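# Observations on the model geometry
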Protein chains: 2
Amino acid sequence: MAFRIALIGYGNIGRAAEQAIIAAPDMELAGIYHHNDSLDNIQADAVLLCTPTREVEKFALLLLEKGICTIDSFDIHNQIVALRSSLGLVAKTHKAVSVISAGWDPGSDSVIRTLLLAMAPQGITYTNFGPGRSMGHTVAAKAIEGVKNALSMTIPLGTGIHRRMVYVELEEGIDAAIVEKKLLADDYFAHDETHMVVVDDVEALNNVAHGVNLVRSGVSGSTHNQRFEFNMTINNPALTAQVMVSCARAAVRMQAAGRFGAYTMIELAPIDLLPGDPETLIKQLV
Amino acid sequence: MAFRIALIGYGNIGRAAEQAIIAAPDMELAGIYHHNDSLDNIQADAVLLCTPTREVEKFALLLLEKGICTIDSFDIHNQIVALRSSLGLVAKTHKAVSVISAGWDPGSDSVIRTLLLAMAPQGITYTNFGPGRSMGHTVAAKAIEGVKNALSMTIPLGTGIHRRMVYVELEEGIDAAIVEKKLLADDYFAHDETHMVVVDDVEALNNVAHGVNLVRSGVSGSTHNQRFEFNMTINNPALTAQVMVSCARAAVRMQAAGRFGAYTMIELAPIDLLPGDPETLIKQLV
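Since the structure is predicted, the reported quantities are computational estimates derived from the model, not experimental observations. (Residues numbered from 1 in each chain as written. Chains lettered and ligands numbered in written order. Predicted model: local features only at pLDDT ≥ 70, side-chain atom pairs only at ≥ 80, totals over all residues. Heavy atoms only, no water.)

## Brief notes about the overall build of chain A
A tally of regular secondary structure across chain A gives eight helices and 13 strands. Taking 19 Å as the expected radius of gyration for a compact globule of 286 residues, we find that chain A reaches 21 Å, a close match to that expectation. Reported as C-alpha extents along the three principal axes, the dimensions of chain A are approximately 60 × 60 × 35 Å. In chain A, the share of contacts with a sequence separation of at least 24, taken over all contacts with a separation of at least 6, comes to 66%. When the accessible surface of chain A is totalled, it reaches about 12000 Å², and 51% of it is carbon and sulfur. Here chain A carries 22 positive and 31 negative side-chain charges, and the mean point of each set is 7 Å from the other. (Helix = DSSP H or I, 4+ residues; strand = E, 2+ residues; numbered from the N terminus. Rg over C-alpha atoms; globule rule 2.2 N^0.38 Å. Contact = heavy atoms within 4.5 Å. Areas by Shrake-Rupley, 256 points an atom, 1.4 Å probe, with all protein chains shown as cover. Lys, Arg positive; Asp, Glu negative; His and termini not counted. Charge placed at Lys NZ, Arg CZ, Asp CG, Glu CD.)

## Looking at the sheet that holds strand β8 (residues 147-156) of chain A
All names here are of chain A. Pairing in this open sheet of four strands is mixed, and the strands run β7-β8-β9-β10 from one edge to the other. Single-partner strands in this sheet number two, and they are β7 (132-133) and β10 (193-198). Relative to β8, β7 is paired through two bridges, and the arrangement is antiparallel. Considered in β8, the bridge of G132 is made with T154. Sheet contacts for helix α6 (residues 176-185): β8, β9 (162-170) and β10; angle to β10, the most-contacted strand, approximately 150 degrees. (Pairing = 2+ DSSP bridges. Axes fitted to C-alpha atoms, helices over the stretch in contact; angles between N-to-C directions.)

## A short note on the pattern of salt bridges
All names here are of chain B. Tallied over the full model, the rule gives 16 salt bridges over all chains. Residue D105 pairs with R113 through a salt bridge whose shortest N-O separation is 2.9 Å. For the salt bridge of E193 with R163, the shortest nitrogen-to-oxygen distance reads 2.6 Å. Placement of E193 in strand β10 (residues 193-198) and of R163 in strand β9 (residues 162-170) is noted, with a sequence separation of 30 residues between them. (Salt bridge = Lys/Arg side-chain N within 4 Å of Asp/Glu carboxyl O.)

## A few points about helix α5 (residues 135-142) of chain B
Residue and element names in this part refer to chain B. Looking only at α5, the buried set comprises H137, T138, A140 and A141. Each buried residue of α5 lies within a common arc of 160 degrees when the element is viewed along its axis, so the set occupies one face. Exposed side chains of α5 directed beyond 90 degrees from the buried face belong to M135 and V139. On its buried side, α5 packs onto β7 (132-133), β8 (147-156), β9 and α6 (176-185). (Buried < 20%, exposed > 50% of the residue type's maximum accessible area, 1.4 Å probe, protein only. Arc of directions from axis to C-beta.)

## Re the packing of aromatic side chains
Residues and elements named next belong to chain A. One pass over the full model with this rule turns up two aromatic pairs over all chains. With centroids separated by 6.3 Å and ring planes inclined at 55 degrees, the aromatic side chains of W104 and F129 adopt a geometry described as tilted. Highlighted residues: W104 in the loop between β5 (97-99) and α4 (108-119) and F129 in strand β6 (residues 122-129), separated in sequence by 25 residues. Above the plane of the ring of Y10 lies R15, whose end atom (NZ or CZ) is 5.9 Å from the centre. (Phe/Tyr/Trp six-rings, centres within 6.5 Å; stacked < 30°, edge-to-face > 60°. Lys NZ or Arg CZ within 6 Å of the ring centre and 35° of its normal.)

## Some points on the domain arrangement of chain A
Residue and element names in this part refer to chain A. Domain assignment breaks chain A into domain 1 (3-106 + 237-285) and domain 2 (122-220). Placing the centre of domain 1 and that of domain 2 at their C-alpha centroids yields a distance of 29 Å. Taken together, the contact pairs four residues of domain 1 with seven residues of domain 2. Each partner contributes to the roughly 370 Å² buried at the junction of domain 1 and domain 2, and carbon and sulfur atoms together form 73% of this total. Contact with domain 2 buries surface across domain 1, with W104, D105 and P237 losing the most and accounting together for 84% of the total. Where domain 1 packs against domain 2, one counts zero salt bridges. The interface formed by domain 1 and domain 2 contains zero residue pairs in polar contact (both at pLDDT 80 or more). Classifying every residue of the side of domain 1 that touches domain 2 by side-chain character gives two nonpolar, one polar and one charged. (Domains from an automatic or database assignment. Buried area = accessible area lost by both parts, 1.4 Å probe. Polar contact = N/O pair within 3.5 Å; in protein donor to acceptor, adjacent residues only side chain to side chain. Nonpolar A, V, L, I, M, F, W, Y, C, P; charged D, E, K, R; others polar.)

## What to know about the relation of the copies chain B and chain A
Between chain B and chain A, the superposition needs a rotation of 180 degrees and an axial shift of 0.0 Å, giving an RMSD of 0.1 Å. What the superposition gives is, in effect, a two-fold axis relating one chain to the other. The share of interface residues of chain B whose copies in chain A are also at the interface is 100%, consistent with both copies meeting through the same surface. (Least-squares fit on C-alpha atoms with pLDDT ≥ 70 in both.)

## Description of the pairing of β9 of chain A
All names here are of chain A. Most of β9 sits inside the fold, with seven of its nine residues counted as buried. Here nine bridges tie β8 to β9, and the two strands are oriented antiparallel to one another. The partner of T154 across the bridge, within β9, is R164. With antiparallel pairing between neighbouring strands as the criterion, β8 and β9 make up a hairpin whose turn holds five residues, including G158 at a positive phi of roughly 90 degrees. As defined by bridge partners, β9 adjoins β10 across six bridges and the pair is classed as parallel. When the bridges of β10 are listed, R164 appears paired with T194. Remark: the β9/α6/β10 crossover connection has right-handed handedness. (Right-handed = clockwise from strand over helix to strand, strands pointing away.)

## Some details on the confidence of the model for chain A
All names here are of chain A. On average, chain A scores 97 in pLDDT, and the residues at 70 or more come to 100%. Summarising per-element confidence for chain A, the mean pLDDT is lowest in helix α5 (residues 135-142) (91) and highest in β5 (99). The ipTM for the predicted assembly is 0.97, set against a pTM of 0.97. (pLDDT = per-residue confidence, 0-100.)

## A short note on the environment of N128 of chain B
Residues and elements named next belong to chain B. Mapped onto the elements, N128 comes out in strand β6 (residues 122-129). N128 gets classed as buried once you look at its relative accessible area, which sits at 3%. Expressed as a C-alpha distance, the spacing of N128 and K182, which sit 54 residues apart in the sequence, is 26 Å. For N128, the residues in contact, after removing those within four places along its chain, are P156, G158, T159, G160, I161, H162, G211, V212, N213 and V215.

## Topic: unusual backbone geometry
Residue and element names in this part refer to chain A. Between D105 and the following residue, P106, the backbone shows a cis peptide bond with an omega angle of 5 degrees. Tracing the chain through its elements places P106 in the loop between β5 and α4. Of note in this structure, T159 is not a glycine but carries a positive phi near 45 degrees. Inspection of the secondary structure assignment puts T159 in the loop between β8 and β9. Its relative accessible area of 48% is what places T159 among the partly exposed residues.

Spelled out as structure tokens, the structure:
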């Protein structure tokens, strides 16, 4: 029987999630809900929360209380442990499973970081993001007085250091120098090398491409110079949605196995992310 | 209380495993056993089987029957499912856990392949090995009549295609052309581009360096051109041993959680490979 997967939110990620559910051989789309739809009669094994990050907890609690699994890509790194604790309690009470922060970072990058730490416990990992659009920095730039539209690109400079290229469209008659001063003073930008570039049309620059370069040099046992590197260049919402859909499969399986609670991706067995039976997958992948 | 980890076999991997156990903050070395030592009085939570691959099953069954967890780096790809089935049965009966094929390929590479498939379910993954020494091919070359010593290097040519560079030291008075003909006809070499090079001293070329370049280009949902790449250059026995040691931690934890059986690495939650409590690890890695 196919997993019945619904989704809430129909922005970039919601639309990509719809495609990933349709493409999955073992899933059926159990509904698309907008932010303000009633969830009273929702019928699904799991629901993907393709909402803004700050709305994740509210929807997750509502669904977990019904015993329905939830999957989100909550991305405020320093609040993940608290979310796991809050959702975990309700999930356990109502015999459901929640997979949280299931995107690419946090998400699949977290799995890579964990694996590399197990392979070389001593050493340094650098996660270099981009080039790609930073959602958080873009929102912060847009909030500055006189900014009509903005796009903040994250440019990797290596060793986890990033440059911010901020493209802004200004309101009529605004002094660019004043906007730049405010931008550079903003807490989002004050700690990184930041360049503001005034443009006529921010939308003309828009592109959901993103990427990562994750490197570790470390020590296995007492042997130094173990070197690892993971690179990807991807369509950001498509990958985020696909990871969420794969995690929905794991959530429903863990619920069936009685392993109720809230989990990050590093707490899931990777095999549970894939369709098919274990022996076939092991034969193919191990 | 520290995990008590013993090991059987004291070759390259056994020696590296000893170092990795000593370096682990939550483990103590519970003994080093040679292949022919009696295991009657072995006291350990888990035992690393640093033996030749073909001896893994025998030792694993003996230990699992005592309720002791085992970890191996069994690397005959097409026999992994059978080994998992055989050890799984005994592990379940005696309430133990066995982690099998826990090296880097099979092993950590398998985890990467699984994760990439979950991130882009449609597409092609190529695993390119080396440059590095192939144990299996080296043994096959050594077995040819007239060969005193040999070293078979695996050279990656991309898209999963490999060249074999076989360095041989010949017995006195042997015709190199005859050895080469036998080598190229051997099933280990017949399917790849193979070059035999006669040298005076094979040991002078020896080096445990190895590596991998694992690439996938695939589709997330309906979005093509998602590109992923994992590279590593490593000391082979040091990495194999470290992965085994990290998997020993997971084995003992799963035993404590009552999840008895035999598992490949793609069936383990990555977080279980690491020392420390879950919330601290999640804060650091997710």
